[in-house]
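What follows is the residue order along each chain.
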Amino acid sequence: MVNQDIVLRLLANIEGFVSDLRQAEDITYQRFMHNIRDQRFVERTLQIAVEACMDVTHHIISDEKWREPDSYADAFSVLAENGVITPEQAERYALMARFRNRIVHYYENVEPEQVFVIFKKHLGDFDDFAASIRNWMTPSD
C-alpha cells in the first residue's frame, strides 16, 4: 500500500518547482541565452522536478512490489504496465528522465535552446504527471 502522505508531499514539491519556473516570466529567450544564472536556475529546477517525479515513481513501484525498472526511463513504463499512467505518458516522461540524465551526467553537452524549450513549452508534463498520480491514488466509487 502506497504511503499517500509521502507521495502527496513529493507532488507538492513538484508543483512548487513548476510554480517557481512559471513565475520566472522575465526570463526571455535572449536573456536566457546570455545569462548563465538564469540557465542554471532553469536547469537545476527542472532537474529536481524530474528527480521528484522519479522519487514518486520509485516509491509507488517499491510499495506495490512491481517489477524493478531497468532505468529511470523504464520506471515510467512500469507505471504504465500497472495502469497508473498511459503508455503515451510513459513515453513523454521517459524523455524527462533522459533529459535529467543529460543535465547530471553530460552537462557539457546540454544545449541551452533545448532547455529553454522545455522551460517554456513542457511544464504541463509535470502537471499531467501529478494529476495522474493523484487520480490513481483516489479510490473510485
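First, a word on scope: everything that follows refers to the structure included in this document. (Residues numbered from 1 in each chain as written. Predicted model: local features only at pLDDT ≥ 70, side-chain atom pairs only at ≥ 80, totals over all residues. Heavy atoms only, no water.)

1. Some points on the pattern of salt bridges
Should the charged atoms of two oppositely charged side chains come close, the side chains can pair. Across all of its chains, the model carries ten salt bridges by this definition. Residues Asp-26 and Arg-31 are paired through a salt bridge, measuring 2.6 Å at the closest nitrogen-oxygen approach. By relative accessible area, which is 44% here, Asp-26 ends up partly exposed. When salt bridges that share partners are traced, they join Asp-26, Arg-31 and Asp-38 into one network. (Salt bridge = Lys/Arg side-chain N within 4 Å of Asp/Glu carboxyl O. Buried < 20%, exposed > 50% of the residue type's maximum accessible area, 1.4 Å probe, protein only.)

2. A look at the side chain of Thr-57
Relative to the elements of secondary structure, Thr-57 occurs in helix H3 (residues 36-64). Within the structure, Thr-57 has its side chain in polar contact with the backbone oxygen of Cys-53 (distance 2.8 Å). Apart from the residues within four sequence positions on either side, Thr-57 is in contact with Ala-75, Phe-76, Leu-79 and Phe-129. (Helix = DSSP H or I, 4+ residues; strand = E, 2+ residues; numbered from the N terminus. Polar contact = N/O pair within 3.5 Å; in protein donor to acceptor, adjacent residues only side chain to side chain. Contact = heavy atoms within 4.5 Å.)

3. Here we look at the nonpolar core
In terms of nonpolar packing, the biggest core is built from 47 residues, with Phe-126, Phe-129 and Ile-133 touching the most fellow members. Elements represented by at least two residues in this core include exactly helix H1 (4-23), H3, helix H4 (72-81), helix H5 (87-105), helix H6 (112-121) and helix H7 (124-137). Take this core: its biggest share by element is ten residues, from H3. Once you skip the residues sitting within four places of it in the chain, Phe-129 turns out to touch Leu-11, Ile-14, Cys-53, Val-56, Thr-57, Phe-76, Leu-79 and Tyr-93. (Core = buried A, V, L, I, M, F, W, Y, C linked by side-chain atoms within 4.5 Å.)

4. Topic: unusual backbone geometry
You will see that Lys-65, though not glycine, has its phi angle at about 60°, which is positive. As for its placement among the helices and strands, Lys-65 is situated in the loop between H3 and H4.

5. Details of the environment of Ile-14
Secondary-structure assignment places Ile-14 in helix H1. Overall, the relative accessible area of 0% leaves Ile-14 in the buried class. Sequence separation of Ile-14 and Trp-66 is 52 residues, and the distance between their C-alpha atoms is 23 Å. Setting aside residues up to four positions removed in sequence, Ile-14 forms contacts with Ala-49, Ala-52, Cys-53, Val-56, Phe-126 and Phe-129.

6. So, the environment of Thr-138
Take Thr-138: it is sitting in the segment after H7. Measuring from C-alpha to C-alpha, the distance between Thr-138 and Gln-4 comes to 9.9 Å, with 134 residues separating the pair along the chain. A distance of 2.8 Å separates a polar side-chain atom of Thr-138 from the backbone oxygen of Arg-134.

7. Remarks on H4
Counting buried positions over the ten residues of H4 gives seven, a clear majority of the element. If you check which residues of H4 are buried, you get Ala-73, Asp-74, Ala-75, Phe-76, Val-78, Leu-79 and Ala-80. Count one or two residues on from H4 and you reach Gly-83, which has phi positive near 75°.

8. Overview of the packing of aromatic side chains
Across all of its chains, the model carries seven aromatic pairs by this definition. Between the aromatic rings of Phe-32 and Phe-116, the centroid separation amounts to 5.3 Å while the plane-to-plane angle is 50°, which identifies the pairing as tilted. One end of the pair, Phe-32, is in helix H2 (residues 29-34); the other, Phe-116, is in helix H6, and 84 residues separate them in sequence. Phe-116 matches Phe-32 in its accessibility class, with the two residues each being buried. (Phe/Tyr/Trp six-rings, centres within 6.5 Å; stacked < 30°, edge-to-face > 60°.)

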